[in-house]
Amino acid sequence: GIQVEQSPPDLILQEGANSTLRCNFSDSVNNLQWFHQNPWGQLINLFYIPSGTKQNGRLSATTVATERYSLLYISSSQTTDSGVYFCAAAGYYSGGSNYKLTFGKGTLLTVNP
Amino acid sequence: SAVISQKPSRDICQRGTSLTIQCQVDSQVTMMFWYRQQPGQSLTLIATANQGSEATYESGFVIDKFPISRPNLTFSTLTVSNMSPEDSSIYLCSGTSEASYEQYFGPGTRLTVT
């Protein structure tokens, strides 16, 4: 199945700093998503980005499907950005009969005031 | 986008009992899934909930322990049977939109087994 690796595992920033989170995946995928899990456990969709670049406010993401990686950029970080950021890649397996979204282990981001 | 709700939001259960978690989606979704997230860990897929037929389980998860139903396109249940403290986790329901493969998650059910 698809393997998803995220780096770094932990990141501590001062408010206002920029950061880049990386996601590598092992096989061709149908889609790639980024999520933010807030301190209450809710998974919030950030980007659905099988390829290309998208921007949403201070966040942007780029997926280079041919090279099997995706990047999440956070600019001018705020304390409310703290939490775990997950990358998840999806594809079919078992001969194409089953579909699965596989999660990386996440990046724990702490933004200090 | 799809809005997904789960009940209960949390529960504390005794060893050996069972708990059924309900998942309701506000719009039709093509696929529904159940995940488990153990404390401090990532999400692990338990099974794909298939409408009107048996769920498709991932390696390490079996129907006797985690029976799943999906009677229609917007509703599914997951039962955690014969619980032990190792079942203490967050259980999350998920669905993909009809328009794309974008996947949405419910708020989760925090289960503690004593």
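The model shown is predicted, which means the values in this text are computed figures rather than measured ones. (Residues numbered from 1 in each chain as written. Chains lettered and ligands numbered in written order. Predicted model: local features only at pLDDT ≥ 70, side-chain atom pairs only at ≥ 80, totals over all residues. Heavy atoms only, no water.)

Help me understand the overall build of chain B in this model?
Helices and strands together make up the secondary structure of chain B, namely zero helices and 11 strands. Element order for chain B, N to C, with α for helix and β for strand: β-β-β-β-β-β-β-β-β-β-β. A buried classification covers 51% of the 114 residues belonging to chain B. Long-range pairs, those at least 24 residues apart, make up 55% of the contacts in chain B between residues at least 6 apart in sequence. Working note: accessible area of chain B is about 5,200 Å², and carbon and sulfur atoms make up 47% of it. In chain B, which carries 7 positive and 9 negative side-chain charges, the distance between the mean positions of the two groups comes to 9 Å. (Helix = DSSP H or I, 4+ residues; strand = E, 2+ residues; numbered from the N terminus. Buried < 20%, exposed > 50% of the residue type's maximum accessible area, 1.4 Å probe, protein only. Contact = heavy atoms within 4.5 Å. Areas by Shrake-Rupley, 256 points an atom, 1.4 Å probe, with all protein chains shown as cover. Lys, Arg positive; Asp, Glu negative; His and termini not counted. Charge placed at Lys NZ, Arg CZ, Asp CG, Glu CD.)

Looking at this model, I keep getting lost on the overall build of chain A. Mind explaining?
The number of helices and strands found in chain A is zero helices and 11 strands. When the helices and strands of chain A are read in sequence order from the N terminus, they spell out β-β-β-β-β-β-β-β-β-β-β. Against the compact-globule benchmark of 13 Å for 113 residues, chain A has a radius of gyration of 14 Å, which places it among compact chains. For chain A, with 113 residues in total, the buried portion stands at 48%. (Rg over C-alpha atoms; globule rule 2.2 N^0.38 Å.)

Help me understand the state of the cysteines, please; the structure alone is not making it clear to me.
Residues and elements named next belong to chain B. Overall, the coordinates contain two disulfides over all chains when judged by the stated rule. Through a disulfide, Cys23 is tied to Cys93; the S-S separation comes to 1.9 Å. The sign of the -70° torsion about the S-S bond sets the Cys23-Cys93 disulfide as left-handed. Note that Cys23 is positioned in strand β3 (residues 19-25) and Cys93 in strand β9 (residues 89-97), a separation of 70 residues in sequence. Note on Cys13: no disulfide assigned, nearest cysteine sulfur contributed by Cys23 at a separation of 18 Å. (Disulfide = S-S within 2.5 Å.)

Any chance you could explain the sheet that holds strand β1 (residues 4-7) of chain B here in plain terms?
Whenever strands of a sheet pair, they do so through backbone hydrogen bonds, lying parallel or antiparallel. Residue and element names in this part refer to chain B. Pairing is antiparallel across the open sheet formed by four strands, whose spatial order is β1-β3-β8-β7. This sheet does not close on itself; its edge strands, each paired only once, are β1 and β7 (68-72). Neighbouring strand axes in the sheet, compared pairwise and without regard to direction, differ in orientation by 20° on average. The sheet contact formed by β7 and strand β8 (residues 75-80) spans three bridges and is antiparallel. For Ser69, the partnering residue across the bridge sits in β8 and is Thr77. (Pairing = 2+ DSSP bridges. Axes fitted to C-alpha atoms, helices over the stretch in contact; angles between N-to-C directions.)

So what exactly am I meant to see when it comes to the sheet that holds strand β7 (residues 59-64) of chain A here?
Residues and elements named next belong to chain A. Pairing in this open sheet of five strands is antiparallel, and the strands run β1-β3-β8-β7-β6 from one edge to the other. Each of the sheet's edge strands pairs with one partner strand only, and the pair in question is β1 (4-7) and β6 (52-56). When the angles between neighbouring strand axes are averaged without regard to direction, this sheet yields 15°. When β1 meets strand β3 (residues 19-25), the two strands line up antiparallel, connected through four bridges. Within β3, the residue paired with Glu5 across the bridge is Asn24.

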